[in-house]
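Observations on chain architecture
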Amino acid sequence: MQPALDMPVSAEPILNKDESLTRQSSFLGLKRWQWWLLVALNIFFLLAGQAVAVLLGRFYYDEGGNSKWMATFVQTAAFPILLIPLFLLPSSKEPSTNAPPSFTILASIYIALGVVIAGDNMLYSIGLLYLTATTYSLVCATQLAFNAVFSFYINSQKFTALILNSVVILSLSAALVAISDDSEGPSGVSKGKYAIGFSCTLAASALYSLLLSLMQLSFQKVIKKETFTVVLEMQIYTSIVATCASLVGLFASGEWKTIHGEMDAFGKGRISYVMTLVWTAVAWQVCSVGVVGLIFLVSSLFSNVISTVSLAVVPIASVMVFHDNMNGGKIIAMLMAFWGFASYTYQNYLDDRKAIKSQIASGDNRNDSSHC
C-alpha cells in the first residue's frame, strides 16, 4: 500500500471549517461539481484498486506463492504507469508564490518516505500471508483510529462528535475480530502465526496512517504547490525508493532463488503466476492514485476513512471467491465498520451544507456593502 493532491495553504480539512470546501475548490480553479466529480473518481480508484489488490494478494498465497518480499515488491513496482498521466497532464502556467524546496530537502523526503513505505508494505504482506482476506480487511480498519491520533498531533485536525464516533466504532469493529473465538487464518495456519499476522497488520495500519499524515504535512509545509503533477512526482519517486528497497530485501533474504520453483508449482500455472503479480501491481497503483488524490482534494483523514469502505466489498468478495468463513463476529464487525463510515459521511454532508450557507451569506454581505 502506498500512501497525495495538494492541500491548500491553510491545510484546513474540508470536514471541520465552514469555508474549507469553497477555498479548496477556488484554490484548485475548479467549480464545485468538478471538485465533487474528482472526489468521486478518486474514491472509485481507491476502493476498486484496494479490493482487487487484496484479493489477488490472497490468491497468490493460496495458489502456492510464499515470497513475502515478492508480495512487497509488487505493491510499488508498477509505478512506471504513472508516467503516462505525468506526461499527459499540462504543467501549471501560474507562477508559484512560494520558493521551491531544494533538491536535497526533496530527495530526503522521498527517500525517507520510500523506505518507510517499503517497511509498511512488508508488514502488510506478512499480515495477508497469515490472515484470510476477510480478517485482514477488517483489521485494516484500525488505520482510521490511528490516523485520528496522528492527524490531531501532526496536521492539527479537529474532530466533531460524529467523527469521533466513527473512529471509536471502527476501532471496536477491529477489536471484535481480534477477540472472536472463531477467528481463524487460512487453512493450515497455526494460532501463533495468526497472532503474528494480526499484529503485523495492526502495526502496518498504524504506520500507514502515519505516512498519510506525513505526506499531508509535506505538501502543506514543504512542497506548497497546487498541481496534480507534483503529487504524481511524489508518488513516482517514493515508489522508486520503495521498489529498490524491496529488491534489496528480495535478494538479501535469498527468496529470489525460490521464485522459479514457486512459479512452476503455482496452482494455476506459470502464466497465471505472472499475471497475478502484474495485475496486483497495477491494482495497488490505481489504489495509490485514489489515496493521494483524496489527500490533495480533502484530507488524509478523509482518504483513510474512504479506504475503510472496502470493508463492505472485500469480505463479501472473499466469501464468494475464496469461501472464507463469514462468522457472526465478522458480520457484526463489518456492520459496525459501515456504521462508522456512514457517521463520518453524514458529518461531511453537514459541513458541506454549512460551507454553502456561509458562502451565500458572505456573498450577500459583499453585495450589501457595495450598495452603501
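Look up a bit, the structure's there.
So, a few notes on the structure that sits alongside this text. (Residues numbered from 1 in each chain as written. Predicted model: local features only at pLDDT ≥ 70, side-chain atom pairs only at ≥ 80, totals over all residues. Heavy atoms only, no water.)

A few words on the overall build of the chain. Counting its regular elements, the chain contains 15 helices and 0 strands. Roughly 16,400 Å² of accessible area belongs to the chain as shown, and the carbon and sulfur atoms make up 69% of that amount. (Helix = DSSP H or I, 4+ residues; strand = E, 2+ residues; numbered from the N terminus. Areas by Shrake-Rupley, 256 points an atom, 1.4 Å probe, with all protein chains shown as cover.)

This paragraph deals with helix α14 (residues 314-322). For an α-helix the count is 3.6 residues per turn, leaving residues at separations of three or four pointing the same way. All of the buried residues in α14 are V314, P315, A317, S318 and F322. The buried residues of α14 occupy an angular sector of 160° when projected down its axis, which confines them to one face. Backbone geometry just after α14 places H323 at a positive phi near 60°. (Buried < 20%, exposed > 50% of the residue type's maximum accessible area, 1.4 Å probe, protein only. Arc of directions from axis to C-beta.)

The subject of this paragraph is the environment of K268. Tracing the backbone shows K268 in the loop between α11 (259-265) and α12 (270-297). Residue K268 is classed as exposed on the basis of its relative accessible area, which comes to 53%. A C-alpha to C-alpha distance of 6.9 Å links K268 and E63, two positions 205 residues apart in sequence. Residues contacting K268, with those up to four places away along its chain left out, are F59 and E63. (Contact = heavy atoms within 4.5 Å.)

What follows concerns the side chain of Q285. In this fold, Q285 is placed in helix α12. Once residues within four sequence positions are removed from consideration, Q285 is found in contact with Q75, T76, A78, F79, I81, L82, Q235 and S239.

We now examine the pattern of salt bridges. For the structure on display, the rule yields 2 salt bridges. Of the charged contacts in the structure, one is a salt bridge between R58 and D62, with a shortest N-O distance of 2.8 Å. Of this pair, R58 and D62 are both found in helix α2 (residues 32-62), 4 residues apart, which corresponds to roughly one turn of the helix. The class of R58 is buried, set by a relative accessible area of 4%. With relative accessibility at 40%, the residue D62 sits in the partly exposed group. Between R270 and D264 there is a salt bridge, and its shortest N-O distance comes to 2.2 Å. Given a relative accessible area of 40%, R270 falls into the partly exposed group. (Salt bridge = Lys/Arg side-chain N within 4 Å of Asp/Glu carboxyl O.)

Moving on, we come to the environment of F79. Relative to the elements of secondary structure, F79 occurs in the loop between α3 (68-73) and α4 (83-88). Assessed through its relative accessible area of 17%, F79 is described here as buried. For the pair F79 and V286, spaced 207 residues apart in sequence, the C-alpha to C-alpha distance is 9.8 Å. When residues no more than four places from it in sequence are discounted, the contact partners of F79 are I236, S239, I240, T243 and Q285.

Moving on: helix α9 (residues 191-223). The first and last C-alpha atoms of α9 sit 46 Å apart over 33 residues, in line with the 48 Å expected at 1.5 Å per residue. Directly beyond the C-terminal end of α9, a positive phi value near 55° is found at K224. (Expected span 1.5 Å × (residues − 1).)

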